[in-house]
Amino acid sequence: MTISLVTGGNGYFGSLLVDRLLNEGHHVRVLDISLSTDRRADIEYIQGDIRNQSVVQQVVQKADFVFNNVAQVPLAKDRTLLRTVNIDGTKILLDSCLSAGVQKVVHTSSSAIFGVPTSNPVFPDTPAHPLEAYGQAKWEAEILCTQAIANGLDVSIIRPRTILGHGRLGIFGILFDWIADGADPFVLGNGNNRYQFIHAEDLADICWRASQSLGPNIFNAGTDRFGTMREALEELCLHAGTGSRVRSLPARPTSLAMQVAAKLHIAPFAPYHWIMYSKSMWFDVSHAHDILDWSPRWSNSDMFKQSYDWFLQNRAESNNADASHHRRTARQGALGLVKRATKLLPR
Amino acid sequence: MSKTLHLSDSPAPLVVTGAGGWLGRALSSHIVANAQSLGISRYVALVRTNEEKKLLEAELVGISTVKSDIRLCDVTSTDAINSVLVDLNPDNESSFDLIHTAGIIHPKKIQDLYQVNEVGTRNIMKFALDHHARKVVHVSSNSPFGNNPHSKDLFRSIEPFNPYMAYGESKMRGEIAVQEAVSQGLHAVIVRPPWFYGPFQPPRQTTFFSMVKAGRFPVFGDGSQHRSMVFIDNLVDGVFRARQWTGEPGKGWWIADQTPYRVSEIVSLVGQALRDEGHDVKTNRLRIPNIVGSFAETADALIQKTGRYVQQVHVLGEMNKTIACDISASTSELGYIPQTSLYEGMRQSIRWCAEQGNEL
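Residues numbered from 1 in each chain as written. Chains lettered and ligands numbered in written order. Predicted model: local features only at pLDDT ≥ 70, side-chain atom pairs only at ≥ 80, totals over all residues.

Here's the deal with the overall build of chain B
Basically, it comes down to this: Only DSSP runs of H or I covering at least 4 residues are called helices, and only runs of E covering at least 2 are called strands; the numbering of each starts at the N terminus. Each radius of gyration is computed over the set of C-alpha atoms, and the globule rule expresses the reference value as 2.2 Å times the number of residues to the power 0.38. Each residue gets a C-beta atom placed from its backbone, and two residues are in contact if those atoms lie within 7 Å.
Helix and strand content of chain B: 13 helices and 13 strands. Computed over C-alpha atoms, the radius of gyration of chain B comes to 20 Å, within 12% of the 21 Å expected from 2.2 N^0.38 for 360 residues, which places it in the range of a compact globule. The principal-axis extent of the C-alpha atoms belonging to chain B is close to 60 × 45 × 40 Å. Here the contacts in chain B between residues at least 6 apart in sequence split such that 83% fall between residues at least 24 apart.

What follows is the structure in structure tokens.
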């Protein structure tokens, strides 16, 4: 039986990828720093840190495919963790895979390596230009993947745009919470920046297809049906039907306020949020389509609606403190006050 | 028309810089074993570290036919060069020849490339000029000329500079330093080897064999990129032929095999050589799309901009390029004809690895 290791397999996207691999008939092994209590009998769980070489060397043994989804995301706000998990952990994993003769590694990177692109669309060989610590760490992890390729390991890199889908919370949990309660969400400036998301199922699909493709490659992944940030939120407000409407805030002062709030630890913002929220970024995905015959099923609009509906159905459990950053709603902090204030705005 | 001098008629001391390096060790073995026929009255080998000195001493013991001494010298320091070579030509009346191989290709930091390949070359050329060297051969590279725009294109002996990354830039500056010394009266010439291989190879070349053996050598696209290659003994021959050149100084020659090879052909031929040396070789399966090469190249450039250097990324970024040269000028002017074929050279290299106890 084909053995697939999913690192970070208990995280938001990792757990969806695990489902996909089980459906494909793989024996799935999960390595995660934290494991949920409701474990499935058909999955082999190993609790461990990606930075622990002996653990990693052990879990890659006899694995045919390795899907690297461990990531310390920007919400964690711990620079040491950001570097050691994303960079050192990736190196330990790749070295172990090379020694163990793993057939294929699929490494989940991030569109954050591009910072704010000077032009769109962004292609797989567009030069990286990370602007904050998370993007820098993910880019350095890609360099390690390139080194591993040069050393003979078959590694494909997948760079997803911002991930949505049922169960996705994190900063989106706050957005959904506001809209569900009729508070007004904001865009920076006029919100006419074109912004592309990807549904977790589409991401799992491209990861699966990449694993079946012989030879290293680099794929940028995002939906092929998307519009502006304002359009995405307006459609969501319409779908919710709670009376929320999209408001514009001046981009620069608001970005500054987000930075100050993050510095004071009174709002769950990370640099990627204030850098990218008002900027355009989209991938050309024809490379993935041509090589992997991959086509995204979900549009921006549909994935927002589905994620929101899931939130409504599971709102009571959305603050589970034991879940990973993207599987629980980020703490609102001062945003709770802003939320109440928006209700005072003239309709 | 060949313009060569039979230097055996007028023996002189010979200095080799970088004698502890890959090419330097091969040259040293050849020199001490054939000093008389090469017209060498005394051999002075300059090495960088004590480890290199000990290694070279061990390699030359028992085969030396000429007075040889191995000296530590940092070519980036003019004071060090002057002090280490103080006895070479003290009265500036006799003369000596010099082969400058000292160079660095995979540095810890980018600055080292310029320090060794540019400053080091300028220092050595100045010493040679100041002390009336008879002949100087400078070993350069394909990198000052970048890569060929088409897989069928060949670099001729005269090409415009188009350096590839910082290494190419540093080797270009080295060549410019040589040309400046030539304009001031130094009889210096340049040899440019592309990808060379053979005994004395560093660990990265052993890795090359290991990857081919495991079927994991990264071949881009259909492997149709062309690469010129040269066996180290052929290169040593080319260097000594260049030393005998009595025509116009400042000339440069490619020292390589007669024709370039497709990368897929190289991998297949090395696989065959490994099999014939008794190794179990897997079919090469690591085909890489050009987009990965393109990514590696831009990543390499970005990394180098920060002053850092990551060897594998640099190598991968260059792997999908054609780097091929035309040796017709070397043949017509120096009489250079490669004697060892790629297959035979690879077999010798594999045997050398085995003799050193290097596991493939």
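Regarding the interface of chain B and chain A
Listed by partner, the interface residues are 24 residues for chain B and 18 residues for chain A. Among the secondary structure elements, those contributing two or more residues to the side of chain B that touches chain A are strand E13 (287-288), helix H10 (290-305) and helix H11 (311-319) of chain B. Looking at the side of chain B that touches chain A, the element that brings in the most residues is H10 of chain B, giving nine residues.

Some thoughts on the pairing of strand E1 (residues 3-7) of chain A
In plain terms, the rule: Once C-beta atoms are placed from the backbone, each residue is buried if 20 or more other C-beta atoms lie within 10 Å of its own, exposed if 12 or fewer, and partly exposed for counts between those two. With its strands directed away from the observer, a crossover is right-handed exactly when the path from the first strand over the helix to the second travels clockwise.
Where burial is concerned, most of E1 of chain A is hidden: four out of the five residues are buried. Once the chain exits E1 of chain A it traverses helix H1 (residues 12-23) of chain A before rejoining the sheet at strand E2 (residues 27-32) of chain A, and the crossover so formed is right-handed.

Here we look at the nonpolar core
We apply this condition: By convention in this section, buried Ala, Val, Leu, Ile, Met, Phe, Trp, Tyr and Cys residues joined through C-beta atoms within 7 Å make up a nonpolar core. These domain boundaries are the output of an automatic or database domain assignment.
Among the nonpolar cores identified, the biggest contains 212 residues, and Ile-206 and Cys-207 of chain A together with Val-239 of chain B are the most heavily contacted of them. The element contributing the most residues to this core is helix H4 (residues 133-150) of chain A, with 11 residues. Counting the residues that make up this core, at least three belong to each of domain 1 (3-164 + 197-221) and domain 2 (171-195 + 226-280 + 299-340) of chain A.

A look at the domain arrangement of chain A
One frequently used descriptor of interface size is the decrease in accessible area upon assembly of the parts. We note that the domain assignment places domain 1 (3-164 + 197-221) and domain 2 (171-195 + 226-280 + 299-340) within chain A. Centre-to-centre, using C-alpha coordinates, domain 1 of chain A lies 26 Å away from domain 2 of chain A.

Focus on unusual backbone geometry
Residues and elements named next belong to chain A. The step from Asn-120 to Pro-121 runs through a cis peptide bond, and the omega angle for that step is 0 degrees. Among the structural elements, Pro-121 can be located in the loop between strand E5 (104-108) and H4. Positioned with a positive phi, Lys-62 is a non-glycine residue whose angle comes to about 65 degrees. By secondary structure assignment, the location of Lys-62 is in the loop between helix H2 (53-59) and strand E4 (65-68). Phi is positive for Asp-293, close to 55 degrees, though the residue is something other than glycine.

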